[in-house]
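# Examination of the molecular architecture
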Amino acid sequence: MRTAEPKRAALVAAALLHAGVAIAGEPRDLHFGEALYYAYQDNYFEALERLDSEVAQHFRVDEPKLDSLAPFIHTAEFDVGDFELRYRMHHRAGRAIRAVLEADVAAPVRNEAAFRLARIHFQKGQPADALEALARIQGEVPAEIHDDVEFLRANVKLALGRPAEAAALLEPLRGSELLGPFSDYNLGVALLENERPEEAIAQLDRAGQREARDEPARAIRDKSNLVLGTLLFESSQFGAAQRTLDRVRLEGPFSNQALLRAGWADASALNFERALVPWSILAQRDATDAAVQEAVLALPYAYSRLNVHGRAALLYRSAAETFGTQLERVDASIASVRDGAFLKDLVREEIRQDADWVIRLRSLPDAPETFYLVTLMASHDFQTALQNYLDLEDMRKRLVRWLGSLDAFEDAIQRRRQHYEPLLPEVDEEFRRLDARMRLRLEQREHLSERLNDLLTAPRPEHLATAQEQMLGAWIDDAQASLGGASEPHTDALRRRIGRLEGTLTFTLATR
C-alpha cells in the first residue's frame, strides 16, 4: 500500500490539473478530473462512463456557460472521442470528434478535431478517408500537434503509394526531437519505394546512427540498421552489411534477425569463423523463434564448411533433438488451444496487469499453448482482437456484478414495501385531510386574489379603512339616519358638520 499511495496521489494531481482544478484553490470540475483519473490508469470504460454523462448533462442545463465544465467543454469532447478510440469504439469516437469538427468553433479547435479524425481513419486502415480529413485542416494549427499532423500526412501518403510526396513531407521533420528518429526511418522507406536506392541507403545509414534517448527511438534505430543491413546483404555488399548489422543491440527487439543476418553476411563472404560468433549467440536463445531455429541448423553447417565434422555432427544431433522437442510442444500447444486453455490464460488478472504479459504468458509452466503464439500475439490484428475479447470478458463480469446489484435493489424494494403497506391506510387518511385543508386554503387564496384584482380595476378605498375609521363611518351613517328629513335650523347645522366629517374621512381613504 505504501508504494501504491504516491502513484495514486500523482494520478489524482495530474487529472485535477488537466481538468483545470487548482490544488490549493476552489475546484472547477471534479467530475472531469475523476474521468481523467481513470483514463490515466487505462480504465477507459470508467472514464467514458463518467465523462460522457458529464458532457451530456452540460448541454442539458439551463445556462451551459455557467456550468463548471464550460471552460473545458471542447477538451472534454475531444477526450470522449479519445477514450472511445482507446476503448476500440472507432465509430462512436469518429462521431464525437466529427460533431466538434462541424460545430462553430475556432480554427485551432477545428483543426485539432480534423487531425484526430484523420488519425482514427488511418488506424482503421482507411488512408483515403484520413487524407480527406487532413484536407480540412486550414488556418492556424496548434503548435503542439503541428509536427504530428505532417507526420500523419506523410504516413497517409506512403499508405496510398505516393512515396515522393511523403518524402517531401518527412524531410522537414528530421529535426524534430520526438518524431525525428521515426521521420528518418520513414524517409528512407519512402526513398526506397520511390526507386531511389542510393539515397535510401544513405538515409537509412543516417537513421541507424542517430542518437536515441528513449526505448522507442532505440528500437527504430535498430530497425533502420536491420533494413539497411538486409539491403546491403541482398546487393552482395557483405562487409558493409556486417558492419551495419553489428550496430543493432544484442538485447533489442530486432536482435535475433540481426544476428542471423550478420552470420549469413559473413558466411556469404566465406568467412565462416566469424559467422560462428553471431550464430552461437543466437542458438542459445528461445528455440520457438524462427531465427533461432535457423541458427541451430546454420551453426553445424558453418562447422562443416570449416571441416570440423565432429563438432558439426554433434550440433546436427542436438538440432534434431531440439526440433523434436519443439514438435512435441507444437502438438501440446494445438491440443491445449483446442481445449480452450489459451483463452483462459489470456484473461488471467495477473497477466493483464503486467506490461510484459506476452513474455510472462509464455513462461507459465502450465501454458504450453502459448509457446508458438508469441509472434501472433505481438501482431496488431491479434492485439486488437484480444483487447476486444478482454473488453467483452470484462463486460460480462460487470453484467454479472450489476445483476447481483439489481437483485439486492429488488430485495430492498420488497422490504420497503413490507414496511410501508401497513402504514398506507393511515397515510391515505392523513393525506385526504391535508388535501381538504389545502383545497380550502386554495379557495380562500382565490377569493382574496379576486378581491385584490377588483381593487385594482375598480378602486374601493373603504375596504382599506382601519377599525377606527370603520367605526367612524358607521357612526356617520347612524347620525345621518337619525336626522332623517328634518329641516330645522339646528339639524341643518348638524347635517353640514356631519357632511364635512364624512368628506374628511372619504378624502383620507382615497388619498392614502
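To start, this report covers the structure provided alongside it. (Residues numbered from 1 in each chain as written. Predicted model: local features only at pLDDT ≥ 70, side-chain atom pairs only at ≥ 80, totals over all residues. Heavy atoms only, no water.)

A tally of regular secondary structure across the protein gives 25 helices and zero strands. Considering only residue pairs separated by 6 or more positions, the protein has 52% of its internal contacts joining residues 24 or more positions apart. With the model as given, the accessible surface of the protein reaches about 31,400 Å², and the carbon-plus-sulfur share is 55%. (Helix = DSSP H or I, 4+ residues; strand = E, 2+ residues; numbered from the N terminus. Contact = heavy atoms within 4.5 Å. Areas by Shrake-Rupley, 256 points an atom, 1.4 Å probe, with all protein chains shown as cover.)

The subject of this paragraph is the pattern of salt bridges. Scanning the model with the defined rule gives 21 salt bridges in all. One salt bridge connects Arg 396 with Glu 393, and the closest N-O pair in it is separated by 2.8 Å. One end of the pair, Arg 396, and the other, Glu 393, are both in helix H22 (residues 380–420), three residues apart, so they sit about a helical turn from each other. The shortest N-O distance in the salt bridge between Arg 439 and Asp 435 comes to 2.9 Å. Note that Arg 439 and Asp 435 are positioned in helix H23 (residues 424–457) at a spacing of four residues, about one turn of the helix. One salt-bridge network, in which partners are shared between bridges, spans Glu 171, Arg 174, Asp 184 and Arg 210. (Salt bridge = Lys/Arg side-chain N within 4 Å of Asp/Glu carboxyl O.)

Side chains of Leu 250, Val 277 and Ile 281 sit close together on the surface and give an oily, nonpolar patch of about 240 Å² of accessible area. Mapped onto the elements, Val 277 comes out in helix H15 (residues 272–283). On the basis of relative accessible area, Val 277 is assigned to the exposed category, the value being 51%. (Patch = residues over 30% accessible without salt bridge, like charges linked within 9 Å, V, L, I, M, F, W, Y side chains within 5 Å. Buried < 20%, exposed > 50% of the residue type's maximum accessible area, 1.4 Å probe, protein only.)

Take the nonpolar core next. The biggest cluster of nonpolar side chains holds 20 residues, and the ones touching the most others in it are Trp 279, Leu 282, Leu 299 and Tyr 303. Residue assignment for this core shows that the elements contributing at least two residues are helix H14 (255–268), H15, helix H16 (290–305) and helix H17 (309–338). In this view, Leu 299 contacts Leu 276, Trp 279, Ser 280, Ala 283 and Leu 315; residues no more than four positions away in its chain are not counted. Core analysis: the next-biggest nonpolar cluster, separate from the first, contains 19 residues, Leu 85, Ala 113, Leu 131 and Ile 137 among them. (Core = buried A, V, L, I, M, F, W, Y, C linked by side-chain atoms within 4.5 Å.)

For the structure on display, the rule yields six aromatic pairs. Judged by centre distance (6.3 Å) and plane angle (40°), the rings of Trp 264 and Tyr 301 are tilted. Of this pair, Trp 264 sits in helix H14 while Tyr 301 sits in helix H16, and the two are 37 residues apart along the sequence. Tyr 301 gets classed as partly exposed once you look at its relative accessible area, which sits at 28%. By the ring-pair criterion, three or more aromatic residues cluster together here, those being Trp 264, Phe 272, Trp 279 and Tyr 301. (Phe/Tyr/Trp six-rings, centres within 6.5 Å; stacked < 30°, edge-to-face > 60°.)

With that out of the way, let us pick up helix H7 (residues 127–134). For H7, the full list of buried residues reads Pro 127, Ala 130, Leu 131, Ala 133 and Leu 134. Seen along its axis, H7 keeps its buried residues to an arc of 160°; they face one direction. Turned more than 90 degrees off the buried face of H7, the exposed positions are Ala 128 and Glu 132. As for H7, its buried residues are in contact with helix H6 (107–123) and helix H8 (146–159). (Arc of directions from axis to C-beta.)

From the geometry alone we can't say anything about function, so treat these as descriptive.
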